[in-house]
Every structure is written in C-alpha cells, then in structure tokens.
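Architecture and fold: a report
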Amino acid sequence: MRAVTWQGKRDVRVETVPDPKIEEPTDAIVRVTSSGLCGSDLHLYEVLTPFMTPGDILGHEPMGVVEEVGADVPHLKPGDRVVVPFQIACGHCWMCASGLPTQCETTQVAEEGMGAALFGYTRLYGAVPGGQAEYLRVPQAQFGPIKVPEGPPDDRFLYLSDVLPTAWQAVQYAAVPPGGSVAVLGLGPIGDMSCRVALHRGAARVIGVDLVPERLQRARDRGVEVFDLNEYDKHDDLVDAIKDRTAGRGPDAVIDAVGTEAHGSPVARTQQNAAGLLPKAWAARLHQKVGTDRLAALHLAIALVRRGGTISLSGVYGGAADPMPMLTLFDKQIQLRMGQANVRRWVDDILPLLTDEDPLGVDGFATHHLPLADAPHAYKMFQQKQDGAVKVVMRP
C-alpha cells in the first residue's frame, strides 16, 4: 500500500509499504477513505524529530471502511463505515471506565512513562503506524472505532477522530460560566472549532486571537470577536485591549490552542534546533529531561484570564523543564486543566450535532482536499500557512 512516511526533519514522503494484517483478535483492518493533517503532525515534522525513526507512518485522523475484523471484535463487520480515534484504548480498564481513555492502562507506553498509545505519533506513544495511508491496522477495535451512517460525505464525521473531541474537551475544561466569556489563542483547526463549540454551548462572548488573516476571517464569519496580533506592538497592549472588552477583568476562561508552535522564546527555539544536531539518543534525552517550549501563548493566557478564572490547554507542549510563573498563577487563583482529548468520552455529546443542520460547520471546515500523493506539499503548505491552509484532508 501507499503511505506517508517520516524520513527526517521537514522530510515526509509517500512510499510503498507492506499492507497491514490482523495480528491480534482485537484488531481490525480499515480501508482509509479520508485522513486529516493535524497541527500535532507538525511537531513530528520539526520539533519532535529525536523520537522518530525513518519510515514511521504518520497520521492520526483517519476514517474509512472496515475490511476485516479479528475474532474478538463482535460489533464490527466488513463494510461498516467508521471513524478511528487518534488514541488506542481498551474501553474496560480502570482509566477507560473513568472516562480517561488517553490514560488507558492496557495500551500505556510504560517504557517511556507515557499514556495511551497513539496512531502515527513517535516512539513516546508506541510508534504505531498511522492513518495517512491506504489501509490501517486498528488495535483494540472492540472499543475504538466509531460507527457512522452511510450517506453524508466523509467531512461530516472525519473530525470525530480528533478535532471535534479535542475542541469539545477544551471548552468543557475551560468551564465557561453561563453567559460568560472565553478567549481562544490560536485559530488553527482546534482553536477555530473551540470557538464554534463555545458559541454553540452558550458563551456570550468568544474572543479569538491569531495573526493569520484567513484564520481571523473564518472566525469572524462565525461570530467570533477577533484580535489580530499584528496590530499590537507589545504583549501588554493586547492584554489591555481584551480586558477593556471584558469589564476590565479579563475573560472568564482562556483556551490555549497554540502549544509549542507558538512564536516566542528564542532560547527554546535555539534548543529545539540544536537538538537536531545531536546524536538521536542525546537529543531525545535533552527533550525529555531539560526540554523547554516556546511559552508565549501560555504566558499570554496567564496574563489574560481574570482572577479566579480557568485556563484550558489543548495545544501540545513537550518540554520537561518549562519555566512557569507560579507566583502569578497562585496569586490570580487560576485553575489549569489540560491533556489529550478523551475521544470516546465526548462522542455521545457530539454525534447529535453532525446532522444536516450542521451547527458546527463541519461540512465546510476543510480548506483543502488533496490526494495522499500530495502529502509532502500538504505538510509544507500547512506549516508555512500558505494558500489559506487551515485544515487539510487527504484522500488515498
């Protein structure tokens, strides 16, 4: 089959690799019909290269049609249309039963000290072949795949794999009070969808912050009050402008949908780039033990949120020694919630919204649909924010 493989920093290629096969009775094989390109994939494209191996198959936002199932997957059959969540979880361990499949005790990558295995996402999360491919082996298929109806195009359901539950959890964790306000930092796919979910769930004021014109316009068109970073010379000026719109206090909640891709600390950028010059084992150790992130977005969130408010982190951070303004966090009595989205926990809340009325605008959410063969161009375009790329969907 053909699949998108990682070969090095900013080097992905579409290659012919062996077809996946049933290996365990809880496996399924899915013929992929659509696969999303996620901002988290860009971490593998550049920042997290020490944890990658040439030939790793990328992608964690797939959907498709079941081709084959193992003996212990009774609820699926060939021909079923399914969305595959980005995490691999068993559904029956204590963590899964507690609504935390991202911490699944059956698939935890214990040797790396990490949570549940993920598709297409470094050895830290199990180095499981991903879904930017023609076919995908799905472990723990007795729990993971989400059956969806025939008829509507893939885009109606594809985002159940990651974007929708990640945005839903971001808003849930933000704990916006009824009639309250929330600021969303970063209007890429997760930030954009977080704005839509927050509005749908009753936030009276949703503020979006970004610097890419196309992203700002998309959010503005959905009723979001946008702030363009390019219009503010200083961090404090932006903070003051948003506080002026929120009774001088700041928003009730802030969602950081940027993570380590944020522009900011030259020290962190230098360290991340320098890691690429080290032997792989050394570079990985540097990231895990003393790694730092570019924390501009998180520091902005801390400055913005009102006293007693909540910060919800959905943007991915990977540093192990990030400097945090603990005095400010403590003094402002800020609540902080974060983590990978627990996909199956939120599916029952989201599925009723994926109707013909399409209140979250999923049908038109993707800006680009490309064949899988164009993956190298898609990654470059998405990373460099070219051609108005906000969400890219690839089709084998």
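Residues numbered from 1 in each chain as written. Predicted model: local features only at pLDDT ≥ 70, side-chain atom pairs only at ≥ 80, totals over all residues. Heavy atoms only, no water.

1. Focus: the sheet that holds strand 13 (residues 310-313)
A sheet is described by the order of its strands in space; here six strands give the open sequence 11-10-9-12-13-14, paired in parallel fashion. In this open sheet, the two edge strands, each paired with only one partner strand, are strand 11 (225-228) and strand 14 (335-338). Averaged over all pairs of adjacent strands, the angle between their axes in this sheet comes to 20°, without regard to strand direction. The pairing of strand 12 (residues 253-256) with strand 13 spans four bridges and is classified as parallel. Opposite valine 254, over in strand 13, you have isoleucine 311 as the bridge partner. Its contacts with the sheet place helix 3 (residues 163-174) against strand 12, strand 13 and strand 14, and it is angled at close to 160° to strand 13. (Pairing = 2+ DSSP bridges. Helix = DSSP H or I, 4+ residues; strand = E, 2+ residues; numbered from the N terminus. Axes fitted to C-alpha atoms, helices over the stretch in contact; angles between N-to-C directions. Contact = heavy atoms within 4.5 Å.)

2. Some thoughts on the sheet that holds strand 1 (residues 2-8)
The strand order across the open sheet built from three strands is 2-1-4, with neighbouring strands paired in antiparallel fashion. Edge strands, defined here as strands with exactly one partner in the open sheet, are strand 2 (11-16) and strand 4 (56-57). Relative to strand 4, strand 1 runs antiparallel, the two sharing two bridges. Of the residues in strand 4, the one forming a bridge with tryptophan 6 is aspartate 56. Running over the sheet, helix 12 (residues 375-383) touches strand 1 and strand 2 and is turned about 160° from strand 2.

3. Section: the pattern of salt bridges
In total, this model carries 17 salt bridges according to the counting rule given. A salt bridge links aspartate 363 to arginine 156; the shortest N-O distance between them is 2.8 Å. Residue aspartate 363 is located in the loop between helix 11 (343-350) and strand 15 (368-371), and its partner arginine 156 is located in the loop between strand 8 (146-147) and helix 3; the two are separated by 207 residues in the primary sequence. The partner of arginine 245 in a salt bridge is glutamate 225, and the shortest N-O contact between them spans 2.4 Å. Of the two residues, arginine 245 is situated in the loop between helix 6 (235-244) and strand 12 and glutamate 225 in strand 11; the sequence distance between them amounts to 20 residues. (Salt bridge = Lys/Arg side-chain N within 4 Å of Asp/Glu carboxyl O.)

4. Regarding the pairing of strand 1
Taking burial as the measure, the seven residues of strand 1 include five buried ones, the bulk of the element. Pairing between strand 1 and strand 2: six bridges, direction antiparallel. In the sheet register, valine 4 faces strand 2, and the bridge partner there is valine 14. The turn joining strand 1 and strand 2, which pair antiparallel and follow one another in sequence, is formed by two residues; a positive phi near 55° is taken by arginine 10. (Buried < 20%, exposed > 50% of the residue type's maximum accessible area, 1.4 Å probe, protein only.)

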